[in-house]
Amino acid sequence: MAKNTYKTKSKKKAKKRIELDFSFLKDRRFQLALGFFFLSTGIFLLISFISYLFTGKADQSVIEALSNAPLKESGLEAQNWLGLFGAYASYFFIYKWFGIASLLIPPFLLLVGLKIVTEKEIYPIIRAFYFSFFFLFWTSLLTGYFLLNSEKVSEMGFLSGGVGFELAILFESLMGWGTILLLIFSLAVFFIYFFNITEMIGLGHLFGKKEDSLEESLNEMDDITAILETVKKEVEQEDGVIDDGESWTVSTKEEVIEEDKAEEKSKSDELVLDIESTLPVVENKPKPVKKETEKAAEPEFEIEKPVEEAVHTGDLENYDPTLDLPQYIYPSPDLLIDYPDPGIRVTKEELEANKDKIVETLINFKIGISSIKATIGPTVTLYEIVPEAGVKISKIKNLEDDIALSLAALGIRIIAPIPGKGTIGIEVPNKNREMVDIKSVLTTEKFMASKAELPVVFGKTISNEVFVTDLAKMPHLLMAGATGQGKSVGLNIILTSLIYRKHPSQLKFVLVDPKKVELTLFNKIERHFLAKLPDSEEAIITDTKKVINTLNSLCIEMDTRYDLLKDAQCRNIKEYNNKFVNRRLNPQKGHKYLPYIVLVIDELADLMMTAGKEIEAPIARLAQLARAIGIHLVVATQRPSVNVITGVIKANFPARLSFRVTSKIDSRTILDAGGADQLIGMGDMLLSTGSEMIRLQCGFVDTPEVERICDFVGEQRGYDNAYHLPEYVGEDGDSSVGEVDLSERDALFDDAAKLIVLHQQGSTSLIQRKLKLGYNRAGRLIDQLEAAGIVGPFEGSKAREVLIPDEYSLEQLLNELNNK
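## Describing the overall build of the protein
Scanning the protein from terminus to terminus reveals 31 helices and 15 strands. When the 820 residues of the protein are sorted by exposure, 43% land in the buried category. Sequence separation of 24 or more characterises 68% of the internal contacts of the protein that already satisfy a separation of 6 or more. For the protein, the exposed surface amounts to about 45,500 Å²; the carbon and sulfur share of it is 55%.

## A short note on the packing of aromatic side chains
Any aromatic ring pair is given by two values, namely how distant the centres are and how the planes are angled relative to each other. In total, this model carries 33 aromatic pairs according to the counting rule given. Ring centres 5.4 Å apart and planes at 85° place the aromatic pair Phe135 and Phe190 in the edge-to-face group. Here Phe135 is found in helix α6 (residues 125-149), whereas its partner Phe190 is found in helix α8 (residues 178-194), with 55 residues between them in sequence. Each member of the pair, Phe135 as well as Phe190, carries the same accessibility label: buried. Connected via pairs of aromatic rings, a cluster forms that spans Phe131, Phe134, Phe135, Trp138, Phe190, Phe191, Phe194 and Phe195. Above the face of the Phe194 ring, Arg127 is positioned so that its terminal group lies 4.1 Å from the ring centre. Here the basic side chain of Arg501 rests over the ring of Phe447, its NZ or CZ set 5.7 Å away from the ring centre.

## Some words on the environment of Phe92
By the secondary structure assignment, Phe92 is in helix α4 (residues 83-98). Judged by its relative accessible area of 26%, Phe92 is partly exposed. Distance in space between the C-alpha atoms of Phe92 and Ser102 is 9.9 Å, their sequence separation being 10 residues.

## Some points on α4
Over its 16 residues, α4 extends 21 Å from the first C-alpha to the last, a length consistent with the 22 Å expected when each residue adds 1.5 Å. The sharpest bend along α4 comes to roughly 30°, located at Tyr91. Gly99 lies just past α4 and shows a positive phi near 70°.

## Looking at α8
Its 17 residues place the ends of α8 24 Å apart at the C-alpha level, agreeing with the 24 Å of an ideal helix rising 1.5 Å per residue. The complete set of buried residues in α8 reads Gly178, Thr179, Leu183, Phe190 and Phe194. Angular distribution of buried residues about the axis of α8 spans 150°; they occupy a single face of the element. Facing away from the buried side of α8, by more than 90 degrees, are the exposed residues Ile184 and Phe185. Against the buried residues of α8 lie α6 and α7 (161-175). Count one or two residues on from α8 and you reach Asn196, which has phi positive near 55°.

## A word on the pairing of strand β10 (residues 596-601)
For β10, the tally of buried residues reaches 6 of 6 residues, placing the bulk of the element in the interior. Residues Tyr596, Val598 and Val600 line one face of β10 and the alternating positions Ile597, Leu599 and Ile601 line the opposite face, and both faces are buried. In this sheet, β10 lies alongside strand β8 (residues 507-512) in parallel orientation, the contact comprising 6 bridges. The partner of Val512 across the bridge, within β10, is Ile601. Two elements, β10 and strand β11 (residues 631-637), share 5 bridges in a ladder whose sense is parallel. Paired with Val598 across the strands is His632, a residue of β11.

## Let's talk about the pairing of strand β1 (residues 369-376)
Relative to strand β2 (residues 380-387), β1 runs antiparallel, the two sharing 7 bridges. Bridge pairing in β2 places Ser371 opposite Val386. Counting the residues between successive antiparallel strands, the hairpin from β1 to β2 contains 3 residues.

## With respect to the confidence of the model for the protein
Any segment with low pLDDT has predicted coordinates that should not be analysed in fine detail. Scored by pLDDT, the protein comes out at a mean of 79, with 79% of its residues at no less than 70. Mean pLDDT per element in the protein: helix α12 (residues 264-278) is the minimum at 39, and β10 is the maximum at 96. In the model, residues 202-214 has pLDDT below 50 throughout and makes 12 contacts with residues more than four positions away in sequence or in other chains. Of the regions scoring below 50 in pLDDT, residues 731-738 engages in 6 contacts with residues more than four places distant in sequence or in other chains.

## Concerning the packing of helix α19 (residues 487-501) against helix α27 (residues 703-714)
Two elements in contact, α19 and α27, have axes whose closest approach is 11 Å; the angle formed by their N-to-C orientations is 35°. Between α19 and α27 lies a crossing of left-handed hand. In this structure, α19 uses Asn492, Thr496, Ile499 and Tyr500 to contact α27, whose residues at the interface are Val706, Ile709 and Val713. Considering only residue class, the contact of α19 with α27 consists of 5 nonpolar, 2 polar and no charged.

## Points about the packing of α7 against α8
With their axes 8 Å apart at the nearest point, α7 and α8 run at an angle of 115° to one another. On the basis of their axis angle, the class for α7 and α8 is roughly perpendicular. Here Phe171, Glu172 and Met175 of α7 lie close against α8, whose contacting residues are Gly178, Thr179 and Leu182. For the contact of α7 with α8, a count of residues per class yields 3 nonpolar, 2 polar and 1 charged.

## A word on the pattern of salt bridges
Under the definition given, this model contains 23 salt bridges. Among the salt bridges present, the one from Glu811 reaches Lys754, with a minimum N-O distance of 4.0 Å. Pair noted here: Glu811 is in helix α31 (residues 807-819) and Lys754 is in helix α28 (residues 749-759), with a separation of 57 residues, a long-range link. One continuous salt-bridge network, built from bridges that share partners, spans Arg413, Glu427, Asp684 and Arg695.

## Quick look at the nonpolar core
Counting residues in each nonpolar core, the largest one holds 111 residues, and the members touching the most others are Phe458, Leu477, Phe509, Phe522 and Ile615. For this core, the element with the highest residue contribution is helix α21 (residues 544-568), accounting for 9 residues. Once residues within four sequence positions are removed from consideration, Phe522 is found in contact with Asn492, Leu495, Ile499, Leu511, Leu530, Ile540, Val706 and Cys710. If you look at the next biggest cluster of nonpolar residues, it comprises 22 residues, including Ala753, Leu766, Val791 and Ile804.

## Comments concerning the side chain of Lys460
Inspection of the secondary structure assignment puts Lys460 in strand β5 (residues 455-461). Despite its burial, Lys460 remains without a salt bridge, the nearest opposite charge being carried by Glu434 at 4.4 Å. The contact partners of Lys460, leaving out residues within four places of it in the chain, are Pro378, Glu434, Val436, Val441, Glu465, Val466, Phe467, Arg695, Leu696 and Gln697.

What counts, and where the lines are drawn
- Residues numbered from 1 in each chain as written.
- Predicted model: local features only at pLDDT ≥ 70, side-chain atom pairs only at ≥ 80, totals over all residues.
- Heavy atoms only, no water.
- Helix = DSSP H or I, 4+ residues; strand = E, 2+ residues; numbered from the N terminus.
- Buried < 20%, exposed > 50% of the residue type's maximum accessible area, 1.4 Å probe, protein only.
- Contact = heavy atoms within 4.5 Å.
- Areas by Shrake-Rupley, 256 points an atom, 1.4 Å probe, with all protein chains shown as cover.
- Phe/Tyr/Trp six-rings, centres within 6.5 Å; stacked < 30°, edge-to-face > 60°.
- Lys NZ or Arg CZ within 6 Å of the ring centre and 35° of its normal.
- Expected span 1.5 Å × (residues − 1).
- Bend = angle between axes of the 7 residues up to and from the residue.
- Arc of directions from axis to C-beta.
- Pairing = 2+ DSSP bridges.
- pLDDT = per-residue confidence, 0-100.
- Axes fitted to C-alpha atoms, helices over the stretch in contact; angles between N-to-C directions.
- Left-handed = near helix turned anticlockwise from the far one by under 90°.
- Nonpolar A, V, L, I, M, F, W, Y, C, P; charged D, E, K, R; others polar.
- Parallel < 35°, antiparallel > 145°, perpendicular 65-115°, else oblique.
- Salt bridge = Lys/Arg side-chain N within 4 Å of Asp/Glu carboxyl O.
- Core = buried A, V, L, I, M, F, W, Y, C linked by side-chain atoms within 4.5 Å.
- Lys, Arg positive; Asp, Glu negative; His and termini not counted.

Structure, rendered in structure tokens:
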């Protein structure tokens, strides 16, 4: 019979394929090579990681542009101590992956390399692996969570790495602040298993019987057995041999091992009881054992706490408005352009030449100087002089043009005297001015750590200090400047500063742009930061008619907020929001968290020409009253004449900001003082806060930077719609009361009528709060009440007149309407 050899051949071939030769792993030369590979890799990563903490910011752009730039040129630009490879490795491990926790990887690789090379284990490799692996993810998640929930924008965002930040976003969306509990729980469990906490604190029987704890108990039994044997011999010497029936009931080590480990404690108790029962005549009993027995026999004593009747609202977690958009990420400084340092500085020769010319000019006019010093700024240098005794200040002030002539420079400004100092200041423009980019001032600790409610960084002072102020304390800002002097950039830097520091739930912008091109970039953040009228399609207002409606709507919002503050017995929005956050105000009574509202008007002159009094009245009313309830105005114009900046508007804007203007009259109109006409343009400005005047160089933010910031914010999840202001219908509005059909009255018409008559106040906001309605439905109810003759016609920002004097008259009117 022929054999089928096909299967056997195929099996032999298969066996040959499976066989692999791993003998090279036992080769000591290969082991040494592998060990030195781990050692060198660990040292390389450690040095590159440490270098990244200092050079990572500079290498960021090099790594991101690596695919487009030549490799050699990229290597030359890399600042990492280990070159391009070091920058690349640290970029991925720290920035992309695990953040600062990546520093755990090099020590682990060094341990592995030393184990292979020296064949000696400094520390158990498997324990080191467990430690490094756990804290690699735990530390990344911890830092990512705190960075995600931090209101501050920080350059240290790389600490969590990409993995940590994404994990933080995931757990924040799933658990919220429960992520902290998860981190604490996981750390506790890890410590229990890693450091064997049960042995360290001597509570092994609570967490499971361990072999070593069992051995210790058995050793104690052996010691007790030896003691009992000694006692037994003493008894035998006195009374003779003990009867066999009264044997010692001492359990041996072998017997205990055979018993269930869970009954170990009960056996120890039986041992003590047996010893006491078999030795009634022995007086020297083991006292510690007897005490433990007595303690075990005591009944348990518990104090039952009374059950609380109800949980007070103070025990609840504070309200967090940012949870409306919990995954919102603040813009990063990486969105801004990192301009290289031009290295332009004021030379010593320039300072000496200017000083000599100033002294020479003053001596020519017989003015003596006792001392002079210079303070260098980004745009101008301030020379402080102390005149000799008997010299009139006005004499130096009148030499302004003569000093400008001798220095051959424009923009000379004399401050006589400097407030708070006994000196006279002469500001001289630098030949090579320094640009102040927004990134250099926005990333400073002074701005990042500012505790201001609405922090704004304008730029740098003439002493090169970053200038940060609080818009909420200004509380309104009036800006002016000729065309092309930096006014629009100033508005952009105000908006950018606020976007970088505030959450969308805490701040809203109302943007008015009659020029239609200056603020259009901010359309992308409509669902995050912008506010508008309910019936408006565009969030940025360009039509004069809609501007009037918006300003009057803000007046209604102001009145509504004041009603809320009155009910809450608060004086300002900060106190009110603190009460609401601490859950001391009832949302069912109409209370809610109030965001700050910043109204920005880019060109007031055009609005005043087309609308005049209709614009001036609501602006003046807002400027007078709105500061306490969180509505702040930033109004800009390029023509600061008296018919644009009227006395009513000017009186309520204590903070004024002026770029270069064309005449002294314009300077006095905006600042109540001269000097703005002597500025040198390109962001050079004067800020007057009432008590003092400061010269600043405005920070420069370019259009692409604003666009990137708005894209970054706009691409994130926002609210369903922009923040809706109260509905306002002008005298020639589309809604007509004559069109209201009283046969289709609202179901709450009677309740609304009784409410209005009871309070004798025809207010839409009253109906909205008391009946818990939306503004649109409350507005329709007001229209129906007007058609029914219960309230009078619309009177602007004032409440409507109530035409029904009492509830009896109202009942008669309602009966007539129901019978129709």
